[in-house]
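Spelled out, the chains give:
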Amino acid sequence: MSKEIPSRTSVVVIGGGAVGCSVLYHLAKSGLSDCVLLERNQLTSGTTWHAAALVSPLRSSAALTEMAKYSARLYASLEAETGQSTGWRAPGHLNVAATEARLEQIRQAATLSRTFGIEVEMIGPAEAKKLHPLMRTDDLKAALYTPHSGRVDPSGICQAMAKGAKAAGARIFEEMPVTGFLREGDRVVGVATPFGEIRCDAVVNCAGLWGRQVAGMAGLAAPMFACEHFYLLTEPIPGMSADFPMVRDGDAYLYIREDVGGLLVGCFEPNPKPLSLERLPRDQAFMLLDEDWEHFEPMMAGAINRFPALESAGVRTLLNGPESFTLDNNPLMGEAPGVQGFYFACAMNSAGIALAGGVGQVMAEWILKGRPNADLWPADVRRFARIQDNTRTLVQRIPEVLAKHFDVNYPGQDYETARGVRRSPIYAEQQRRGAWFLQTGGWERPAFYRQDDKQTLPFRFGKPAWFEEWAGEHRAAREAVALFDQTSFGKLMITGADAESFLQRVCANDMAVPPGRVVYTSILNEAGGIESDLTVTRLAGDRYLAVTGTLQTVRDLDWLTKSRREGEHVSIIDVTSAWAVLGLHGPRSRALLERLSEADWANEKFPFGTAREVEVGPGVALAVRISYPGELGWELYVPTELAAAVYEAIVDTGAEFGLRHAGTLAMGSLRMEKLFRSWGHDIGPTVTPLEAGLAFSVALGKKQPFVGKDALLRQKEAGVTRRLVGFTFNDEEAFPLGTHPVFRHGALVGETTSVSYGHTLGRAVALGWIRGPELSRDAILSDVFEIEIAGVRYRATACLAPPYDPKGSRMRS
Ligand SMILES: Cc1cc2nc3c(=O)[nH]c(=O)nc-3n(C[C@H](O)[C@H](O)[C@H](O)COP(=O)(O)OP(=O)(O)OC[C@H]3O[C@@H](n4cnc5c(N)ncnc54)[C@H](O)[C@@H]3O)c2cc1C
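Residues numbered from 1 in each chain as written. Predicted model: local features only at pLDDT ≥ 70, side-chain atom pairs only at ≥ 80, totals over all residues. Heavy atoms only, no water.

## A few points about the overall build of the protein
The line we're drawing: Counting from the N terminus, the helices are the DSSP runs of H or I reaching at least four residues and the strands are the DSSP runs of E reaching at least two. The reference for a compact globule is 2.2 Å times residues^0.38; the radius of gyration itself is calculated from the C-alpha atoms. Whether a residue is buried, partly exposed or exposed follows from its accessible area with a 1.4 Å probe, protein chains only, as a fraction of its type maximum: under 20%, in between, or over 50%, in that order. By the convention used here, residues are in contact when the closest approach between their heavy atoms is within 4.5 Å. Where accessible areas are quoted, they stem from the Shrake-Rupley method and a 1.4 Å probe; at the residue level, only the protein chains shown are allowed to cover. Counting rule for charge: Lys and Arg are taken as positive, Asp and Glu as negative, and neither His nor the chain ends is counted. Each charge is placed at NZ for Lys, CZ for Arg, CG for Asp and CD for Glu.
The helix and strand tally for the protein stands at 20 helices and 38 strands. The C-alpha atoms of the protein give 27 Å as radius of gyration, which agrees with the globular expectation for 813 residues (28 Å, within 12%). Considered along the principal axes of its C-alpha atoms, the protein spans approximately 80 × 65 × 50 Å. A burial count over the protein gives 61% of its 813 residues as buried. Long-range pairs, those at least 24 residues apart, make up 72% of the contacts in the protein with a sequence separation of at least 6. Within the structure as shown, the protein displays about 30,500 Å² of accessible surface, and the carbon and sulfur contribution to it stands at 49%. Computed over 85 positive and 95 negative side-chain charges, the separation of the two mean positions in the protein equals 4 Å.

Below is the structure:
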């Protein structure tokens, strides 16, 4: 292999596994014929060569599922294009359930699969037996059959994509480690290797489980860590066929498929072993870790139960290979926050083969167009804060991520490891009051407050064990006053002489408001998609405070920073840690605040959508009159060191006004009754304000042009082809849990994006999409819809205005 590397190229892809080969292939096929791939050993020599290589389509989000579906299509077609076999075959897949909980889970998976356009069928044990005669089925309740699920030869797909990339002009250099990066300001402009430097416009970190090391060379965070990952290979078993479906037996932590006439038995065990990179041999290609029979033994018992032939089958090997995982089991993708030209496509969470084709396709779009066509927020590297890239956190948490791979995940359940790190100043008091914490972006946030002193909860689908506590907190906000800790909100201070003109260009709403005014605005991309939605308070002529969702902070800071123009006088600083945010929401919030403060809280003096600095109890706060629960209310931005004292004053005085501590569940059910959209759930970069019913957050008439305006004008002219609407369930017993398909006259027309029980409405409420030609107000409001929950269809009534307080008079009262 030639060592004469080019001195300049468009894109350098780092790593020659399935992902790197796919990124190179798609870049080259998209016209970047000069791009190169640098692999420090040989192609496939990282983790790719030993993958079990199941290509299962269903993933946690629509976009990731589309990526896996695309991968399957690509692997099926690459041989015809390149002449290189990929080993693609599609024997189908059986997800079997031996317990009631698993049965419920596979029913949900069936519904989700249909929502995402995957052909599936729920079948009984006898049918499962017919499909896989060697499998024990008498203890099964049912199975979810995915007939087109397939598998590949992982080396074959890499060789085929490499061949396709080279045919399009790309070049591959093996034995070529990247040892550093060339930086100019906030931009990566090249890579260093032992054989010289290559200057380039962009680099893509496809270094698999070494992705954190490679990111570290550029001074970047990459919260990921490796674990040992096992599968057993047997000698041929009589009667085995490659046409038998692959099997997942989640109750036994196993996935199983045919392999050269025998079985491959892999596991996601409940007690995985973390793997520090120091334990890996440096620069060794095609490496394997030590066998550990003691570790695998419990899984073996489950495997023999499911496939009795294993008892007497000869064992070829117990393979132990390393694989990398992230804090939420989704990959790291996209451009690094704060740095231009450095892209991530690593940490594949044991799905790197299934996803590689799609990852390459979307990364090529991302690099060439500046954004992908799909909503890849679940995999976007900017969903993590720098503080989450903490080695101790990762060592504790990552094995639990692997362990939960096949778990039945119930609402209200969270990881148990690496907890309690990112806390609000009143965390201890919340704990004392029985808060049940769930983690978001590392923050511990009360979901609800227990009214008993039990330390554990019974988890289940449907109506939760904490229904009454949740309802009580919800009612407090509707009828009296509830105290929410909103400290985890991201806060960005935008200052400078050009702050107003900068925000006028970047934000869709009119930001040229007087100091003291609060503006809810979308930030759009060029296609009119909502990159973020923010509440921005103008503090002074040259100073704005932008408040964003807990998880959006890094992303928004990155977007705003990268939107600055040369010479523009504007600085953007993350000031999240400077303030705690105590939200007082409910009809008695004004009376409570009047008791706590000399400020004038009357409607005329302190109207909705305004903000001012006030004294509250012994402290000071920026009081912002807005309310996500949709009631009279204020968010108090209290300097962090004053938070405890202000909180104590509120609590001391609050009892008289019916004050109740409330958590994120109540916040969720309150906002759902108001149909307030949530970025990352209901809206995102592929959704425009016109589709989402957020036209009010866009000032199409403002003088200064803004990003996304032209696209919105075009869409306004052409009309939308989908609408985000509200639904209330007709059946009071319906309990939706997440993404559910929406049917109109029996045809699938969309899916829900957020769901909750509405305690004031006395029934469940959802936000969701309706696609198709019949999108007029009359057609939507007069029609009957059905929403499917775990295989059962429930009637639902669509609404365009909030089912609770449609005119918003309570917020403005
Ligand atoms: C036991 C096991 C079973 C699995 N089964 C499946 C499965 O059934 N389905 C599935 O989808 N996935 C499966 N996986 C996961 C899958 O193998 C990985 O997700 C996938 O191979 C990751 O591909 P990659 O290209 O990201 O990483 P890799 O294949 O590891 O490639 C990264 C490359 O980067 C190179 N590199 C690192 N540092 C540098 C540097 N500084 N300069 C240049 N090159 C560098 C490495 O040498 C390596 O070749 C399994 C994994 C294991 C361990």
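## Some points on the packing of helix α1 (residues 18-29) against helix α8 (residues 352-369)
To keep things clear, this is the line we draw: Axes, fitted as lines to C-alpha atoms, cover a helix only where it is in contact. Angles between the N-to-C directions of the axes lie from 0 to 180 degrees. Note on convention: the crossing is left-handed when the near helix lies turned anticlockwise from the far helix by less than a right angle, right-handed when the turn is clockwise. The classification used treats Ala, Val, Leu, Ile, Met, Phe, Trp, Tyr, Cys and Pro as nonpolar, Asp, Glu, Lys and Arg as charged, and all other residues, Gly among them, as polar.
With their axes 8 Å apart at the nearest point, α1 and α8 run at an angle of 40° to one another. Handedness of the α1/α8 crossing: right-handed. Listed contacts from α8 to Ala18, Val19, Ser22, Val23, His26 and Leu27 of α1 are Gly352, Ile353, Ala356, Gly357, Val359, Gly360, Gln361, Met363, Ala364 and Ile367. Classifying every residue of the contact of α1 with α8 by side-chain character gives 10 nonpolar, 6 polar and no charged.

## Quick word on the site of the ligand
Threshold: Any residue with a non-hydrogen atom lying within 4 Å of a molecule or strand is treated as near it. In protein, a polar contact means a hydrogen-donor-capable atom and an acceptor-capable atom, both N or O and within 3.5 Å, with residues adjacent in sequence counting only if both atoms are side-chain atoms; elsewhere, any N or O pair within 3.5 Å suffices. All domain edges in this entry derive from an automatic or database-based domain assignment.
Taken together, 39 residues lie near the ligand, and Glu39, Thr47, Thr48, Glu323 and Ala354 sit nearest. Taking glutamate 323, its side chain carries an N or O atom lying 2.7 Å from an oxygen atom of the ligand. For the ligand, an oxygen atom lies 2.9 Å from a polar atom in the backbone of isoleucine 353. If the ligand stood free it would expose 1,000 Å²; the protein chains cover 98% of that surface. Elements represented by at least two residues in the shell around the ligand include exactly α1, α6 (211-217), β12 (224-234), β17 (315-326) and α8. Partitioning the shell around the ligand into residue classes produces 24 nonpolar, 12 polar and 3 charged. A domain split of the shell around the ligand shows at least three residues from each of domain 1 (11-86 + 152-225 + 328-383) and domain 2 (93-149 + 227-312).

## A few points about the sheet that holds strand β22 (residues 481-485)
By way of backbone hydrogen bonds, the strands of a sheet pair with one another, either parallel or antiparallel. This is how the line gets drawn: When DSSP finds two or more bridges between a pair of strands, those strands are recorded as paired.
Spatially, the 6 strands line up as an open sheet ordered β29-β30-β31-β28-β22-β32, and their pairing is mixed. Of all the strands in the sheet, just β29 (611-616) and β32 (659-662) have a single pairing partner and so form its edges. Direction aside, the axes of adjacent strands within the sheet are offset by 30° on average. Pairing between strand β30 (residues 619-624) and strand β31 (residues 633-639): 3 bridges, direction antiparallel. Within β31, the residue paired with leucine 622 across the bridge is tyrosine 637.

## A short note on the pairing of strand β6 (residues 142-146)
Most of β6 is tucked away, with 5 of its 5 residues classed as buried. Here β6 shows a buried face lined by Ala142, Leu144 and Thr146 and a second buried face lined by Ala143 and Tyr145. Here strand β4 (residues 93-97) runs beside β6; their pairing, made up of 5 bridges, is antiparallel. Opposite leucine 94, over in β6, you have tyrosine 145 as the bridge partner. Pairing of strand β5 (residues 121-123) with β6 involves 3 bridges; the strand directions are antiparallel.

## A look at the side chain of glutamate 469
Relative to the elements of secondary structure, glutamate 469 occurs in helix α11 (residues 467-479). Excluding anything up to four places from it in sequence, glutamate 469 contacts Phe448, Tyr449, Arg450, Gln451 and Arg660.

## Notes on the packing of aromatic side chains
Here the distance between the centres and the angle between the planes together describe a pair of aromatic rings. The criterion, for reference: Working definition: a ring pair exists when centres of Phe, Tyr or Trp rings (six-membered ring for Trp) sit within 6.5 Å. Plane angles under 30 degrees give stacked, over 60 give edge-to-face, the rest tilted. Each ring is checked for a lysine NZ or an arginine CZ that lies within 6 Å of its centre and within 35 degrees of its normal; such an atom marks a charge sitting over the ring.
Summed over all chains, the structure comprises 23 aromatic pairs. Ring geometry for phenylalanine 467 and tyrosine 757: centres 5.1 Å apart, planes at 65°, overall edge-to-face. Placement of phenylalanine 467 in helix α11 and of tyrosine 757 in strand β35 (residues 747-758) is noted, with a sequence separation of 290 residues between them. One exposure class covers both phenylalanine 467 and tyrosine 757, and it is buried. Sitting over the face of the ring of tyrosine 415, lysine 404 holds its NZ or CZ atom 5.8 Å from the ring centroid. Residue placement shows arginine 722 over the ring face of tryptophan 769; its charged tip is 4.2 Å from the ring centre.

## Let's talk about the nonpolar core
Note the cut-off: Grouping buried Ala, Val, Leu, Ile, Met, Phe, Trp, Tyr and Cys residues that are joined through side-chain atoms within 4.5 Å yields what is termed a nonpolar core.
Ranked by internal contacts, the top residues of the largest apolar core, which has 57 residues, are Phe181, Phe342 and Phe344. Each of domain 1 (11-86 + 152-225 + 328-383) and domain 2 (93-149 + 227-312) accounts for three or more of the residues forming this core. Ignoring any residue separated from it by four or fewer positions in sequence, one finds phenylalanine 181 in contact with Ile14, Val188, Gly190, Val191, Val203, Val214, Met217, Ala218 and Phe342. Core analysis: the next-biggest nonpolar cluster, separate from the first, contains 54 residues, Leu32, Ala63, Tyr70 and Ala351 among them.

## Observations concerning the domain arrangement of the protein
By the assigned domains, the protein splits into domain 1 (11-86 + 152-225 + 328-383), domain 2 (93-149 + 227-312), domain 3 (420-488 + 579-660), domain 4 (490-578) and domain 5 (671-701 + 710-811). Just the C-alpha atoms count here: the centres of domain 2 and domain 3 sit 46 Å apart.

## Digging into α8
Applicable threshold: Expected span of a helix, by definition, is 1.5 Å for each gap between consecutive residues, and there is one gap fewer than residues. For a residue, the bend is simply the angle between two axes, fitted respectively to the seven-residue segment ending there and the seven-residue segment starting there.
Between the first and last C-alpha of α8 there are 24 Å, a value that for 18 residues agrees with the 26 Å anticipated at 1.5 Å per step. The sharpest bend along α8 reaches about 35° and sits at glycine 358. Of all 18 residues that make up α8, 15 are buried, and the element is covered over most of its length. Count one or two residues on from α8 and you reach glycine 370, which has phi positive near 90°.

## With respect to the packing of helix α2 (residues 62-82) against helix α5 (residues 154-167)
Cut-off, in case you're wondering: In what follows, roughly perpendicular refers to angles from 65 to 115 degrees, roughly parallel to angles under 35, roughly antiparallel to angles over 145, and oblique to any angle outside these ranges.
Viewed as axis vectors pointing N to C, α2 and α5 meet at an angle of 50°, and their least axial separation amounts to 10 Å. Classed by the angle they form, the pair α2 and α5 counts as oblique. Between α2 and α5 lies a crossing whose hand is left-handed. From α2, Leu74, Tyr75, Leu78, Glu81 and Thr82 reach across to α5, where they touch Ile157, Ala160, Met161, Lys163 and Gly164. Class assignment of the residues belonging to the contact of α2 with α5 gives a composition of 6 nonpolar, 2 polar and 2 charged.

## Focus on unusual backbone geometry
Although it is not a glycine, phenylalanine 286 adopts a positive phi angle of roughly 50°. Position of phenylalanine 286 among the secondary structure elements: in the loop between β16 (274-275) and α7 (293-306). Judged by its relative accessible area of 33%, phenylalanine 286 is partly exposed. Its identity is not glycine, yet alanine 347 carries a phi of approximately 60°, on the positive side. Position of alanine 347 among the secondary structure elements: in the loop between β19 (342-346) and α8.

## Overview of the sheet that holds strand β38 (residues 792-799)
Reading around the barrel, the 6 strands line up as β33-β36-β35-β34-β37-β38 and close back on themselves, with antiparallel pairing between neighbours. For this sheet, the mean angle separating the axes of adjacent strands, direction not counted, is 40°. Of the strand pairs in this sheet, strand β34 (residues 741-744) and β35 are connected by 4 bridges, and their pairing is antiparallel. Considered in β35, the bridge of proline 741 is made with glutamate 751. Helix-sheet contacts for helix α16 (residues 664-673) involve β35 and β36 (763-771), and the interaxial angle to β35 is about 125°.

## Some points on the pairing of strand β10 (residues 187-193)
Every other side chain in a regular strand lies on the same face of the sheet, so the side chains alternate between the two faces. Of all 7 residues that make up β10, 6 are buried, and the element is covered over most of its length. Relative to β10, strand β9 (residues 180-184) runs antiparallel, the two being bridged by 5 bridges. Pairing of glutamate 184 across the sheet is with arginine 187, part of β10. Hairpin connection between β9 and β10: a loop of 2 residues separates the two successive antiparallel strands, and glycine 185 in this loop has a positive phi of roughly 60°. Judged from the 4 bridges that link them, β10 and strand β11 (residues 196-205) form a sheet pairing that is antiparallel. Bridging across to β11, glycine 190 finds its partner in arginine 199.

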